[in-house]
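Each chain is listed here by its residues.
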Amino acid sequence: MIAGVDHGSATAPTAARAQLLDAAAIAAAARLPAASVRVVAAIDSTNAELMRAQGGPDRAPAVLIAARQSAGRGRRGRRWLTDPEAGLALSVRVERERRPGAPPLAGLPPAVGVALAEALSSEAGAISLKWPNDLYRSGRKFAGVLAESRSVGPMERVVVGVGLNWVLDAAAAGAIDQPATGLFEALPARAERERLAGRIAWALIAAVEAFFARGIGDTAERFARFDHLAGREVVVTEDGAEMLRGVAEGLDAAGALRVRVDGRIRAVAVGDVSVRAAAAARAPG
């Protein structure tokens, strides 16, 4: 598993039966063959299914979307629920042949986060990106990413899952333990959600394939446009214990978060980063 990734904001499933998105429309928007995209009513986890499923003979990318997940998960095993109408649970699978000198995957999480932010920035304003790949709109989280990898014979398989709120009502937002929102204020039409799902799938697949070819590249520079943490005091924790506290100063060339602590830069490759905890520590009383 690639460390330092997270799923999007949790929302409780509705009781209403959701109308499934159309796989063919999503495939067309993603510039993929129709057979590359599956849409299912329910599954344990889109990431888990793509990770365990046998790849096709041509090793082509695959996309899986589920209306409901019974075992959706985020970073460190956190539970993640999806509203079948108001949210999107989408995973992509991309494979490469293992070879000496191939770029390591350590910087992949922020790279796919940047690709997702760029793909969605024209759809809604004020999008920002919290390291490594949580997406925010107007200061509230609306999506996150879980990236995983494993070896399958001579191939290396990467699965990237996205949890995204199209919309989030006040009741659902109030049940979440952090500021959360949706990408939009009102739920888009089904055809629009299909177009956007295809755009997201295409962006993620292209980002992984580019990473396979060139490594992390200019991710740090592209990340800076969306950086939610830049110049803010942050606390980094690991398994609930504080590791360090300082001011975030962007990403280094390997995709780690740069944090200035007592005048020196520390590179953070894993851990939970919080702005709220830092603010609470300064509050009187």
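From a predicted model like this one, the values you see are computed outputs, not experimental measurements. (Residues numbered from 1 in each chain as written. Predicted model: local features only at pLDDT ≥ 70, side-chain atom pairs only at ≥ 80, totals over all residues. Heavy atoms only, no water.)

### What to know about the packing of helix α1 (residues 23-30) against helix α5 (residues 190-214)
The contact between α1 and α5 brings their axes to 7 Å, and the two run at 50°. It follows that α1 is oblique to α5 by the angle criterion. For the pair α1 and α5, the sense of crossing is right-handed. Residue-level inspection shows Ala25, Ile26, Ala29 and Ala30 of α1 in contact with α5, the latter providing Glu194, Arg195, Ala197, Gly198, Arg199, Ala201 and Trp202. The residue inventory of the contact of α1 with α5, partitioned by class, reads seven nonpolar, one polar and three charged. (Axes fitted to C-alpha atoms, helices over the stretch in contact; angles between N-to-C directions. Helix = DSSP H or I, 4+ residues; strand = E, 2+ residues; numbered from the N terminus. Parallel < 35°, antiparallel > 145°, perpendicular 65-115°, else oblique. Left-handed = near helix turned anticlockwise from the far one by under 90°. Contact = heavy atoms within 4.5 Å. Nonpolar A, V, L, I, M, F, W, Y, C, P; charged D, E, K, R; others polar.)

### Re the packing of helix α3 (residues 108-120) against α5
Where α3 meets α5, the axes come as close as 9 Å, and the angle between the chain directions of the two elements is 145°. α5 is crossed by α3, and the crossing has right-handed handedness. Between α3 and α5, the contacting residues are Leu108, Ala111, Val112, Ala115, Leu116, Ala119 and Leu120 on the first element and Arg199, Ile200, Ala203, Leu204, Ala207, Val208 and Phe211 on the second. Counted by class, the contact of α3 with α5 contains 13 nonpolar, no polar and one charged residues.

### What to know about the pattern of salt bridges
When the charged atoms of two side chains lie near each other, side chains of opposite charge can form a pair. For the structure on display, the rule yields 18 salt bridges. One salt bridge connects Asp44 with Arg52, and the closest N-O pair in it is separated by 2.9 Å. One network of salt bridges, with partners in common, ties together Arg38, Asp44, Glu49 and Arg52. (Salt bridge = Lys/Arg side-chain N within 4 Å of Asp/Glu carboxyl O.)

### Some details on the pairing of strand β11 (residues 264-268)
Note that strand β10 (residues 257-261) and β11 share five bridges and pair antiparallel. Along β11, the bridge assignment pairs Val261 with Arg264. In sequence, β10 turns back onto β11 through a hairpin of two residues, with Asp262 there showing a positive phi of about 50°. (Pairing = 2+ DSSP bridges.)

### Things to note about the sheet that holds strand β2 (residues 62-69)
Strand pairing in a sheet relies on backbone hydrogen bonds. The paired strands run either parallel or antiparallel. An order of β1-β2-β3-β7-β6-β5-β4 is seen for the seven strands of this open sheet, with the pairing classed as mixed. Two strands close off the open sheet at either side, each with one partner strand: β1 (37-43) and β4 (127-130). On average, each strand axis in the sheet is tilted by 20° relative to the strand beside it, whichever way the strands run. Taken together, the three bridges between strand β5 (residues 134-137) and strand β6 (residues 140-152) define a ladder with antiparallel strand orientation. Bridge assignment links Leu135 to a residue of β6, and that residue is Ala143. Lying on the sheet, α3 is in contact with β4, β5, β6 and β7 (155-165); it crosses β4 at an angle near 175°. α5 contacts β2, β3 (87-97) and β7 of the sheet and is inclined by roughly 25° relative to β3.

### Some details on the sheet that holds strand β9 (residues 241-251)
Strand order in the open sheet formed by five strands is β11-β10-β9-β8-β12, with antiparallel pairing between adjacent strands. Sheet topology places β11 and β12 (272-274) at the edges, where each strand pairs with a single neighbour. For this sheet, the mean angle separating the axes of adjacent strands, direction not counted, is 45°. Bridge count between β9 and β10: three bridges; the pairing is antiparallel. Bridge pairing links Ala248 to Val259 in β10.

### Description of the side chain of Thr219
When you line up the elements, Thr219 lands in helix α6 (residues 219-224). Residue classification places Thr219 among the buried positions, given a relative accessible area of 1%. Not counting the four nearest positions on each side in its chain, Thr219 is found in contact with Pro110, Ala111 and Val114. (Buried < 20%, exposed > 50% of the residue type's maximum accessible area, 1.4 Å probe, protein only.)

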